[in-house]
Amino acid sequence: MADSAVEGTSSLARQSCSICKRQKRKCSRELPKCELCRRHLRQCQYPFEGLPGQNSGPQDPEPCKALSLFFLDSDTFSRRQPGITPAAGFIPADILDSLVDGRHLDRDAEAYFASVHEFFPIVSKTRFHQLMSSISELQMDILLLLLAMRLLCSPVDKDRPISALYSSTKRCLMYAEMSGALTLRALQASVLIALYEVANAIYPAAYLSVGNCARMGYALGYHDRRTASQLHPPPRSWTELEEVRRVWWAIYILDRYTNVGIDHRPFCREEAKSEELLPTDETLWESGEQAPIQSLAVSASADVAASPFARTCQASHLLSLVIRHINTKPTDMREFYEEGIQLHQVLNSFRLALLLELASTDDRQFGPFSSAVGICYSGLIALYDRHSCAEVDDPAGVGIPQQLQLQEIALSGLKELSGQVAEFAIRLNRLTETYGVMAAGPFVADCFYAMLRLCMAYYRETRKPAVPKLVLALKGGLQATGGHWAAANKYLAILEDEE
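Everything numeric here is computed off the predicted structure, so don't read it as measured data. (Residues numbered from 1 in each chain as written. Predicted model: local features only at pLDDT ≥ 70, side-chain atom pairs only at ≥ 80, totals over all residues. Heavy atoms only, no water.)

Caption draft 1: Summary view of unusual backbone geometry. A cis amide bond links Tyr 203 with the next residue in sequence, Pro 204, at an omega value of 5 degrees. Positionally, Pro 204 belongs in the loop between helix H11 (184-199) and helix H12 (205-220). Although it is not a glycine, Ala 201 adopts a positive phi angle of roughly 55 degrees. In the Ramachandran plot, His 264 falls in the positive-phi region, its phi being about 55 degrees despite a non-glycine side chain. Along the chain, His 264 turns up in the loop between helix H13 (238-258) and helix H14 (282-287). (Helix = DSSP H or I, 4+ residues; strand = E, 2+ residues; numbered from the N terminus.)

What follows is the structure, given as structure tokens:
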């Protein structure tokens, strides 16, 4: 046959596969996959379609039927236990061309674990390397995770964070969703993509992506692994269980952080339950060694030792309480102000204990904790800003003892915080100069911006000579953060427009 894709009985394709042809590489033309595509764990697509048993190239993704059963009738799904096969949807060739190279995969993973993983450890390094050494072909969810890792570690144009790589990653996410890739790896990838969008102020995409991550987590049953129907078998190891816990907490952190700047919006991820466990120590987790983990209610004080990521979770929980408080439409003003006073006491105690814990650390050790410190400051500034001016309060509560007490706390608190946040900015600046722009995460940007906005307004009113020095330090913190995370530069642009 002149147009046959197979040469007699040799099981070789007549033409090179599309990827080898595009890269001008010598193709072995083996079926169903050529040697290079096998070696680089990529899909192999030959140009001719239609022969039985031959790779037929791009196809419209077709979700697993068991997934439809799970959402249409989870009881029947649980009874049948059909199992979910790994999603192997079509991966665009241009994405494969740019990503699937053994050297690039190793380099991307190494860069990710040396930077983002330090302050946002949601992917087990041990399990990831075990997975990559055991698979024979990249599944859609793994490819998406690799793309997300590369995206976060790639240099960002502060004026154009919507890069070609970002567009490719979002396109791959679309293919993954259509092909039914609803797995832990797909959720981790989605969370990392949302982190990129939050860190670079790509809105409304960031806000919507965080909500999508929460829905994926709910679909997987991560909110209630004991009673909610589960799509996949339970985790087979403590390390995997901890990985699930961490990605669910990561959604919580992103959800609360994205709600700092926009008022009166419901959270996407439910409030942390009193029995919900904090992430354990990162070193123990990676080694597979179990250790006692105290619940959020027990570990709420920083007097109890905890890992940097656990501290970030605690700070986010306190920020959540502040956001709920300031968005409340109170019916009892006395109770409202008493709640504000209690939040001040809890947050301030956490801040003091956290700073005492970090006082003896060097800058390198301080880096992973900077997210917790920044989020804690964001919560305190938001609380004090809400209660520093009586004019924004309900007239029914103005002048009562609780309101006056809280206003005094807020005013003195802002004065104290202005110097401390400026010192935090100076230390962060020193950290990034010594260890690189990714030594700290993006969650510090809001506290610098919020304090800068207040300091600049205060200076316009009072012309106090000490304020410009604070402003300079705080701007330096944003500039240091903006070395890799474009959201900080957008905060600076907002402030420049106000001047």
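Caption draft 2: Main features of helix H19 (residues 401-435). Between its first and last C-alpha, H19 extends 49 Å over 35 residues, near the 51 Å set by a 1.5 Å rise per residue. Backbone geometry just after H19 places Gly 436 at a positive phi near 105 degrees. (Expected span 1.5 Å × (residues − 1).)

Caption draft 3: How the structure looks around the side chain of Glu 242. Residue position: Glu 242 is located in helix H13. Classification of Glu 242 as buried rests on a relative accessible area of 0%. At a separation of 2.8 Å, a polar atom in the side chain of Glu 242 contacts the main-chain amide nitrogen of Thr 280. (Buried < 20%, exposed > 50% of the residue type's maximum accessible area, 1.4 Å probe, protein only. Polar contact = N/O pair within 3.5 Å; in protein donor to acceptor, adjacent residues only side chain to side chain.)

Caption draft 4: View of the state of the cysteines. Across all of its chains, the model carries zero disulfides by this definition. No disulfide involves Cys 34; its nearest neighbouring cysteine sulfur is the one of Cys 37, lying 3.5 Å away. Taking relative accessible area as the criterion, Cys 34 reaches 0% and is therefore assigned buried. Of all cysteine sulfurs, the one in Cys 447 lies closest to Cys 376, which takes part in no disulfide; the gap is 9.5 Å. Residue Cys 376 is classed as buried on the basis of its relative accessible area of 2%. (Disulfide = S-S within 2.5 Å.)

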